[in-house]
Amino acid sequence: MGAARRPGTYICGIDAAMGVVGGKWKGLILWALNERTYRFGELRRELPGVTEKVLTSHLRELEEDGIVHREVHAEVPPRVEYSLTPLGVSLNEALEPLGAWGREKLLQEPPAA
């Protein structure tokens with residue numbers, strides 16, 4: 001399954017990838033979901049400062065792009081869980097060098113062994 005195409009013309013691969021992960025919270029959502037599956041409220045608490053509206057919007061976009069899987073459990077009250085798809089896992093793997101660069105150059109943490 002590939003990422004859904006968004007309207008507009010991309011200039012290069014980075015432009016296309018940024019169309020998927022662009023936004024203040026999407027990278028942090030991907031980072032959190034790389035750790036484990038989350039329910040909406042848990043994910044919101046994991047990301048202090050994100051509003052319910054923005055989190056809902058970003059999760060919906062990531063789901064449309066094939067990055068995030070949304071599973072609704074038929075329970076009362078309804079339980080919804082979010083996890084990464086294989087495409088989302090591969091995106092996190094692609095973003096790992098960027099995270100390493102940020103830790104080393106901006107946070108000035110030593111490189112991981």
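Scroll up for the structure.
Residues numbered from 1 in each chain as written. Predicted model: local features only at pLDDT ≥ 70, side-chain atom pairs only at ≥ 80, totals over all residues. Heavy atoms only, no water.

Draft legend 1. Main features of helix α2 (residues 26–35). For α2, the set of buried residues is Lys26, Ile29, Leu30, Ala32 and Leu33. Projection of α2 onto a plane perpendicular to its axis shows the buried side chains occupying an angular sector of 165 degrees, all on one side. (Buried < 20%, exposed > 50% of the residue type's maximum accessible area, 1.4 Å probe, protein only. Helix = DSSP H or I, 4+ residues; strand = E, 2+ residues; numbered from the N terminus. Arc of directions from axis to C-beta.)

Draft legend 2. Geometry of the environment of Gly49. Mapped onto the elements, Gly49 comes out in the loop between α3 (40–46) and α4 (52–64). Remark: the alpha-carbon pair of Gly49 and Ala94, spanning 45 residues in sequence, is separated by 26 Å.

Draft legend 3. Summary view of α4. Between its terminal C-alpha atoms α4 stretches 18 Å, which fits the 18 Å expected from 13 residues at 1.5 Å a residue. Burial in α4 covers these residues: Leu55, His58, Leu59 and Leu62. Buried residues of α4, viewed axially, fall in a sector of 100 degrees; they line one side. Turned more than 90 degrees from where α4 packs its buried face, Lys53 and Glu64 sit exposed. (Expected span 1.5 Å × (residues − 1).)

Draft legend 4. Fine view of the side chain of His73. Along the chain, His73 turns up in strand β2 (residues 68–73). The class of His73 is buried, set by a relative accessible area of 17%.

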